[in-house]
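Descriptive structure summary
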Amino acid sequence: MMHVTLRQLRAFETVARLLSFTRAAEELHITQPAVSKQIRLLQENVGLPLVEQLGKRIFLTEAGRELYATCADWLETWGRFEQTIANLKGVKQGRLRIAAVTTTKYFMPRILGPFCAKYPGIDIALEVVNRDRLLDRLARNQDDIYVMGEPPEDFDIESEPFLDNPLIVLAPANHPMAGRRNIAFSKLAKENFLVRERGSGTRMTVERLFRERKTPLHIKMELGSNEAIKQAVAGGLGLALLSRSSLNLDTNQNELAILDVEGFPVMRAWYVVRPKGKQLSVVAATFLEFLRNHLQLLVRNQ
Ligand code: PGA
């Protein structure tokens, strides 16, 4: 009988899914040597190599692929068991797993803070990832609730809009178009744009908007975060289309201007999403109810 532990399986599942020890360590909030150790122990238990490293790339061996195919189900079953036990012990206790796209980091803490204060027995695991990685987690049913701007059409999901998510055009405060009224969208064709990385929901929306309006989009620079984009806009490197949620109150507001472009702000929404038919844990249902009843905590900061 093998002495495989849940910790080893969790580490392996994460490495196998991300094909990276570094990213697995980030996701699991442990160090990279700790991940390697779990994988080594698991390989010793199984008696066969599970992953192979060729240069910088990680591959699954045949045994690794077999294990990966089954361990996601085990982990899901175990998670449900933990939740059932929490529910039996008392309804407002347990772990809430939320995956949210990066742009929600400006408002999610504002709802999670009061939620945790009201339900101290509930622990939160919040994964903040870009849209592509969130869809990956959704496909693997890794979280209770997903928060995103553009629910996918090709997934069987239930989605509920809960907050406005306007898209705005951001320029440096000293830009010649700052302060002008009703600027034609076609004028944007002459500007350089700073965009998020591929896989970002914001990037997808920006590219779609320009495509729909048959306007060329000149990408000057690709940056991995909204914060980096705002700094680069303030520094005069170009314009950007961002969710207004990313304009929090304390950063370089006076160095930035929101341009009055025709059709903007593009009105969108933030959604809570879950796989269709997924039985919500009591903890997840409690959170959804709290979110619906406390939206004013978020609206005030918009
Ligand atoms: P992003 O997603 O943070 O990956 O850009 C934003 C969105 O889904 O609107």
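Higher on the page you've got the structure.
In this report, we go over the structure that sits alongside the text.

Conventions we followed
Residues numbered from 1 in each chain as written. Predicted model: local features only at pLDDT ≥ 70, side-chain atom pairs only at ≥ 80, totals over all residues. Heavy atoms only, no water. Helix = DSSP H or I, 4+ residues; strand = E, 2+ residues; numbered from the N terminus. Buried < 20%, exposed > 50% of the residue type's maximum accessible area, 1.4 Å probe, protein only. Contact = heavy atoms within 4.5 Å. Areas by Shrake-Rupley, 256 points an atom, 1.4 Å probe, with all protein chains shown as cover. Lys, Arg positive; Asp, Glu negative; His and termini not counted. Charge placed at Lys NZ, Arg CZ, Asp CG, Glu CD. Arc of directions from axis to C-beta. Phe/Tyr/Trp six-rings, centres within 6.5 Å; stacked < 30°, edge-to-face > 60°. Near = heavy atom within 4 Å. Polar contact = N/O pair within 3.5 Å; in protein donor to acceptor, adjacent residues only side chain to side chain. Core = buried A, V, L, I, M, F, W, Y, C linked by side-chain atoms within 4.5 Å.

**What about the overall build of the chain?**
Regarding its fold elements, the chain presents 10 helices and 12 strands. With respect to the three principal axes, the spread of C-alpha positions in the chain is 75 × 50 × 35 Å. For the chain, the proportion of its 302 residues judged to be buried stands at 47%. Contacts in the chain between residues far apart in sequence, at least 24 positions, make up 75% of those at least 6 positions apart. Surface exposure of the chain reaches about 15,500 Å², of which carbon and sulfur atoms provide 52%. Of the side-chain charges in the chain, 41 are positive and 34 negative, and the distance between the mean point of each set is 3 Å.

**Quick word on helix α2 (residues 21-28)**
Considered for burial, the residues of α2 that qualify are F21, A24, A25 and E27. Buried positions in α2, seen along its axis, are confined to an arc of 165 degrees and lie on one side of it. Here the buried face of α2 lies against α1 (6-18), α3 (32-46), β1 (51-54), β2 (57-60), β4 (122-129) and α6 (131-139). The first or second residue beyond α2 is H29, which carries a positive phi of 55 degrees.

**Side note on the packing of aromatic side chains**
Taken as a whole and judged by the stated rule, the model has nine aromatic pairs. Each ring, one from F115 and one from F290, has its centre 5.2 Å from the other, and the planes form 70 degrees; the classification is edge-to-face. In this pair, F115 sits in helix α5 (residues 108-118) while F290 sits in helix α9 (residues 282-293), placing the two residues 175 residues apart along the sequence. Taken as a pair, F115 and F290 share a single burial class, namely buried. Taken together, the ring pairs in this structure connect F115, Y119, F287 and F290 into an aromatic cluster.

**Focus on the site of the ligand**
Looking at the ligand, there are 13 residues lining it, with T102, T103, S200, G201 and T202 nearest. In the environment of the ligand, an oxygen atom lies 3.2 Å from a nitrogen or oxygen atom belonging to the side chain of R196. The contact in question runs from an oxygen atom of the ligand to an N or O atom on the side chain of S200, over 2.8 Å. Protein chains shield 100% of the accessible area of the ligand, which is 280 Å² for the free molecule.

**Thoughts on the nonpolar core**
Among soluble globular proteins, nonpolar side chains are generally buried collectively. Ranked by size, the top nonpolar core spans 35 residues in total, and within it L96, I111, F162 and F287 carry the most contacts. A total of six residues in this core trace back to one element, the largest contributor, which is α9. Apart from the residues lying within four places of it in its own chain, the contact partners of F162 are F107, V147, W270, Y271, V272, L291, L295 and L298. V15, L50, Y68 and C71 belong to the second-largest nonpolar core, a separate cluster that totals 19 residues.

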